[in-house]
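The primary structure of each chain is shown beneath.
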Amino acid sequence: MKKIVTIVGARPQFIKAAMVSRTLKAKGFDEVIVHTGQHFDKNMSEVFFEEMEIPYPDYNLEIQGLSHGAMTGRMMESIEDVLLKEKPDMVLVFGDTNSTLAGALTATKLNIPLAHVEAGLRSFNNQMPEEINRILTDRISSVLFCPTNVAVANLKKEGFDNFDCQIVKNGDVMQDAALFYAAKSDDRSTILKKLDLEEKPFVLATVHRQENTDNPERIRAIFDSLNEIHRDKAVVMPLHPRTRQIIKNLGIEPAFHVIDPVGYFDMLQLLKNCQLVFTDSGGLQKEAFFFAKHCVTLREETEWTELVEGGFNRLAGSDGNRILEAYRTMSAKQSDFSVNLYGDGEASKVIADFLATL
Ligand code: UDP
């Protein structure tokens, strides 16, 4: 039986890991789950383990609330202890957070093969901490599971064909999760009733990317634009705790529905029933597409360029006029969402099948 240590720590990683863990278990792998503690609030962490039935972590390193350097360093120290004890055949990391990079560096320095899920994504913006995490993790991975053709092409352009690694296009594990949990969320979520949105058109918004939250001008412009949009159509924003703290410090008082972060089932209901999505999240841009909703991305670039090229997503940055213009254009737009960009819900199976051959 092959032993895999899976390292997660932040909300998007719980969602990505859910289907992969389920599939690894079905395939007979011995999986040890390490939670670094990067996200720790109940509604940023535990709710996903509960709702998505992810096995509870074997280790919780409880490393949180530190600067990037301190967080990554402490994670490495603790992950090293776990890896020395568990002696896995392979380490599995997801996405682009500090937990991803800490897991990747530690595994590689112990000569343990590393598999990276969601490899090959690039924003080409090195100011983003996530971009650094992705580039470095990809470079030292033995197996790179790529969600899209663009991701594979990015790696090839960077010369990965010549490196000692294997590139596998497996599709998007978030698509697997959306397909698997969508029907369950119908019975399990009461969010629309709670917000009195059952019969009401609304748009869904999230903001947490550092480039927006750490720039007062940008964050103000985004909230001002959403206030304006709310006069026309209800805006619902499950707000990241960090962003909540920042807008409080800046004295920003949104006029729309700002709620605490929601669990995955509530999020799926909001996605299914909204008319449009505004976000600077990576995952949510794709989820909008999975549920046939147009998206306005509150950034200047995206890793999911196929969505912009297909006309499903519009980049609006944090400029008020561009956001309002994108709201008008994307609200009126009709698109055919049946194009297959992210696979057919079998991305996790491809991962388990491939790892079983190693
Ligand atoms: N999400 C959620 N509840 C929320 C906000 C986001 O369940 O209140 C989910 C969202 O549906 C997506 C994931 O969290 O699956 C995205 O995480 P996030 O936006 O934090 O990170 P990113 O994708 O930008 O790395």
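Here the structure is a predicted model, which means the values were calculated and not measured. (Residues numbered from 1 in each chain as written. Predicted model: local features only at pLDDT ≥ 70, side-chain atom pairs only at ≥ 80, totals over all residues. Heavy atoms only, no water.)

Points about the nonpolar core
Generally speaking, nonpolar side chains in soluble globular proteins are found buried as a group. Grouped together as the largest cluster of nonpolar side chains are 74 residues, with contacts concentrated most on Met52, Phe145, Tyr181, Tyr264, Leu270 and Leu355. Considering each element in turn, this core owes the most residues, seven residues, to helix H1 (residues 11–26). If sequence neighbours within four positions are ignored, Met52 has contacts with Phe14, Ile15, Ala18, Arg22, Ala177, Tyr181 and Tyr264. By size, the runner-up hydrophobic cluster in this structure holds 23 residues, among which are Val203, Ala205, Val235 and Ile323. (Core = buried A, V, L, I, M, F, W, Y, C linked by side-chain atoms within 4.5 Å. Buried < 20%, exposed > 50% of the residue type's maximum accessible area, 1.4 Å probe, protein only. Helix = DSSP H or I, 4+ residues; strand = E, 2+ residues; numbered from the N terminus. Contact = heavy atoms within 4.5 Å.)

Remarks on the state of the cysteines
This structure, assessed with the given rule, holds zero disulfides. Take Cys146: it sits in no disulfide, and the sulfur closest to it among the cysteines is that of Cys165, at 9.2 Å. The exposure class of Cys146 is buried, given its relative accessible area of 0%. Its sulfur unpaired, Cys295 is 9.2 Å from the next cysteine sulfur, which belongs to Cys274. Judged by relative accessible area, Cys295 falls into the buried class, the value being 1%. (Disulfide = S-S within 2.5 Å.)

Remarks on the environment of Ser335
Its location among the elements puts Ser335 in the loop between helix H15 (320–332) and helix H16 (347–357). Relative accessible area serves as the criterion here: at 27%, Ser335 is assigned to the partly exposed category. Separated by 42 residues in sequence, Ser335 and Lys293 have C-alpha atoms that sit 9.0 Å apart. Apart from residues lying up to four places away in sequence, Ser335 is in contact with His294, Gly311 and Phe312. For Ser335, the side chain forms a polar contact with the side chain of His294, separated by 2.6 Å. (Polar contact = N/O pair within 3.5 Å; in protein donor to acceptor, adjacent residues only side chain to side chain.)

Some points on the UniProt feature "domain: UDP-N-acetylglucosamine 2-epimerase" (unreviewed entry) in the protein chain
Under the present numbering, the feature "domain: UDP-N-acetylglucosamine 2-epimerase" (unreviewed entry) in UniProt falls on residues 25–355. Taken end to end, residues 25–355 is 47% helix and 15% strand, and its two terminal C-alpha atoms sit 12 Å from one another. (UniProt positions renumbered as here; feature names shortened; annotations may be inferred.)

A few points about helix H11 (residues 241–250)
An α-helix turns once every 3.6 residues. As a result, residues three or four positions apart point the same way. All of the buried residues in H11 are Thr243, Ile246 and Ile247. Taken down its axis, H11 places every buried residue within 95 degrees of arc, on the same side. Structural note: H11 exposes Lys248 and Asn249 on the side pointing more than 90 degrees away from its buried face. Where H11 is buried, its residues touch helix H9 (210–213) and helix H10 (216–230). (Arc of directions from axis to C-beta.)

Things to note about the pattern of salt bridges
Applying the stated criterion across every chain yields a total of 20 salt bridges. In this structure, Arg122 and Asp138 form a salt bridge, with 2.8 Å as the shortest nitrogen-oxygen distance. Of the two residues, Arg122 sits in the loop between strand E5 (114–117) and helix H5 (129–139) while Asp138 sits in helix H5, which places them 16 residues apart along the sequence. Accessibility expressed as a relative area gives 2% for Arg122, which makes it buried. (Salt bridge = Lys/Arg side-chain N within 4 Å of Asp/Glu carboxyl O.)

Here we look at the site of the ligand
The environment of the ligand is formed by 18 residues, the closest being Arg209, Val262, Ser281, Gly283 and Glu287. Separating an oxygen atom of the ligand from a side-chain N or O atom of His208 is a distance of 3.4 Å. Between the ligand and Gly283 there is a distance of 2.7 Å, counted from an oxygen atom to a backbone nitrogen or oxygen. Protein burial of the ligand: of its 530 Å² of free accessible surface, 96% is covered by the chains. Mapped onto the shell around the ligand, the elements with two or more residues apiece are H1, helix H12 (264–273) and helix H13 (282–290). For the shell around the ligand, the per-class residue count stands at 10 nonpolar, five polar and three charged. (Near = heavy atom within 4 Å. Areas by Shrake-Rupley, 256 points an atom, 1.4 Å probe, with all protein chains shown as cover. Nonpolar A, V, L, I, M, F, W, Y, C, P; charged D, E, K, R; others polar.)

A look at a positive patch on the surface
Taken together, the side chains of Arg22, Lys25, Lys184 and Arg188 present a region of like positive charge at the surface. Elements represented by at least two residues in the positive patch include exactly H1 and helix H7 (173–188). Following the sequence through the fold, Lys25 ends up in helix H1. (Patch = residues over 30% accessible without salt bridge, like charges linked within 9 Å, V, L, I, M, F, W, Y side chains within 5 Å. Lys, Arg positive; Asp, Glu negative; His and termini not counted. Charge placed at Lys NZ, Arg CZ, Asp CG, Glu CD.)

With respect to the sheet that holds strand E6 (residues 143–146)
Pairing between the strands of a sheet is mediated by backbone hydrogen bonds and can be parallel or antiparallel. The strand order across the open sheet built from seven strands is E3-E2-E1-E4-E5-E6-E7, with neighbouring strands paired in parallel fashion. What marks the edges here is a single partner per strand, and that holds for strand E3 (59–60) and strand E7 (166–169). With four bridges connecting them, strand E4 (residues 90–94) and E5 associate as parallel partners. For Phe94, the partnering residue across the bridge sits in E5 and is Val117. Taken strand by strand, H1 contacts strand E1 (3–8), strand E2 (30–35) and E4, and its axis lies near 140 degrees from that of E4. (Pairing = 2+ DSSP bridges. Axes fitted to C-alpha atoms, helices over the stretch in contact; angles between N-to-C directions.)

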